[in-house]
Amino acid sequence: FFDFRVNAGNHHHLEELCKVYSKLGYKVIAVNHEIDFQAAFSKNKLNIGSYLKEIPETIHGVKLLKRITLNCSDASLLRNLKHSTLLEFDIIAICPRNEDVLSQAIRTFYNHFHLITFDSTKILPFRLKHSHMNFAEQNNISIEVCYSHIIKDNSLCRVLVSNCKDINWTSRNRNIIISSNVDDPLYIRGPFDVINLMAVLGISFKSAKAGLTTNCKKLWLKAHSRKSTYNGIMSRVPTAQIDSGSSWIIPEKLHMSDDEQDCASLPKKMKVKE
């Protein structure tokens, strides 16, 4: 099981969260860093915190990913999704503040991010359309639903029910990712508790389970290919990681010693015959 939105303030806090996630059966979580895109991007530099750079790969058997959530209200800023600083993150999510940002993101810049999310404490700022969700599904962009706020505050149930109703109606219960958005171990719930909670909100058992398993795995693989390959086609692998059965793909020159490579690079007339 996966949880792609976890908020941790420091390393000790992250260890406490991972201990609970490990007991509940989660294998992969994403540590979230949320910023305002317009405020953070200035003079062609994206200012982000240094905390995420220090996150280890695993804690208590739970694999950790780095995620950034960009709150965006200006569609012209989306061209900055190609910025090299964002390549440090495993998952890039966009929280659109208006319909123009959502439309531009899923139609034009879908290769540069992975996830659409919304503020779960407020009613959606605009009405979702079937065309939005169709483009998102065609371009492998997932839609996120977060549940922790209704556990913290019962008054937000109406907000989440309304948002889930719009998301379900337009997406037809497809391509949904379910995350917690927790910052306290007290509000973490087991996978099947989350699935039952989603059933109350109108998301079917099959879609809710996929939102914690298969849909997350697809998103993870897409994010990994974006980060480690060129256009999702080619990747660079160190020769030390290539097994003996596949050594034929290594150019003959790489099998030579340094002296042999220097000799091979000399012109034929300069080579000394033994």
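In the block above lies the structure referred to throughout.
What this report covers is the structure whose coordinates are included nearby. Here, residues in each chain are numbered from 1, in the same order as that chain's written sequence. The model is predicted, so local features are restricted to residues of pLDDT at least 70 and side-chain atom pairs to those at 80 or more, both for listing and for counting; the totals for chains, interfaces and linings are taken over all residues. Hydrogens are left out, water is left out, and the side-chain values use all remaining heavy atoms of the structure.

Some details on the packing of helix α3 (residues 99-108) against helix α4 (residues 130-138)
Consideration 1: Lines fitted to C-alpha atoms define the axes here, with helix axes fitted over just the stretch in contact, and angles between the N-to-C directions of these axes take values from 0 to 180 degrees. Helix numbers and strand numbers start at the N terminus; a helix is a DSSP run of H or I with at least 4 residues, a strand a run of E with at least 2. Where α3 meets α4, the closest approach of the two axes is 9 Å, and the angle between their N-to-C directions is 30 degrees. With respect to each other, α3 and α4 are oriented roughly parallel. For the pair α3 and α4, the crossing hand works out as left-handed. On α4, the residues touching Glu99, Leu102, Ile106 and Arg107 of α3 are Ser131, His132, Phe135 and Ala136. Orientation labels follow simple angle bins: below 35 degrees gives roughly parallel, above 145 gives roughly antiparallel, 65 to 115 gives roughly perpendicular, and whatever is left gives oblique. Here a crossing is taken to be left-handed if its near helix is turned anticlockwise relative to the far helix by less than a right angle, and right-handed if that turn runs clockwise. Any two residues whose heavy atoms approach within 4.5 Å are treated as being in contact.

Points about the pattern of salt bridges
Consideration 1: Throughout this description, the term salt bridge denotes a Lys or Arg side-chain nitrogen within 4 Å of a carboxyl oxygen of Asp or Glu. Scanning all chains against the criterion turns up six salt bridges.
Consideration 2: Between arginine 174 and glutamate 137 there is a salt bridge whose closest N-O contact spans 3.5 Å. A residue pair is termed long-range when its members are at least 10 positions apart, and arginine 174 in the loop between α6 (157-171) and β10 (176-179) and glutamate 137 in helix α4 qualify at 37 residues.
Consideration 3: Across the pair lysine 152 and aspartate 183 runs a salt bridge whose closest N-O atoms are separated by 3.2 Å.

Here we look at the nonpolar core
Soluble globular proteins tend to pack their nonpolar side chains together in the buried interior.
Consideration 1: Residues Tyr21, Leu81, Phe113, Ile116 and Met198 are the most contacted members of the largest nonpolar core, which totals 60 residues.
Consideration 2: Looking at this core, the element that brings in the most residues is strand β6 (residues 62-72), giving five residues.
Consideration 3: Contact partners of isoleucine 116, with chain neighbours within four places excluded, come to Ile94, Pro96, Leu102, Ile106, Ile141, Ser142, Ile143 and Glu144. The definition of a nonpolar core used throughout is a set of buried Ala, Val, Leu, Ile, Met, Phe, Trp, Tyr and Cys residues joined through side-chain atoms within 4.5 Å. Throughout this description, buried means an accessible area under 20% of the type-specific maximum (1.4 Å probe, protein chains only), exposed means over 50%, and partly exposed covers the range between.

Re the environment of leucine 64
Consideration 1: Relative to the helices and strands, leucine 64 is located in strand β6.
Consideration 2: Sequence spacing of leucine 64 and cysteine 18 is 46 residues, and the spatial spacing of their C-alpha atoms is 9.0 Å.
Consideration 3: Leave out the neighbours within four places in its chain, and leucine 64 touches Leu14, Cys18, Ile29, Ile55, Pro56, Glu57 and Ile59.

A word on unusual backbone geometry
Consideration 1: A positive phi angle, near 60 degrees, is found at arginine 172, a position not held by glycine.
Consideration 2: Tracing the backbone through its elements, the reader meets arginine 172 in the loop between α6 and β10.
Consideration 3: Here the phi dihedral of asparagine 175 falls at roughly 60 degrees; this positive angle occurs in a residue that is not glycine.
Consideration 4: For asparagine 175, the position within the fold is in the loop between α6 and β10.

In short, shape yes, function no, at least from these values alone.
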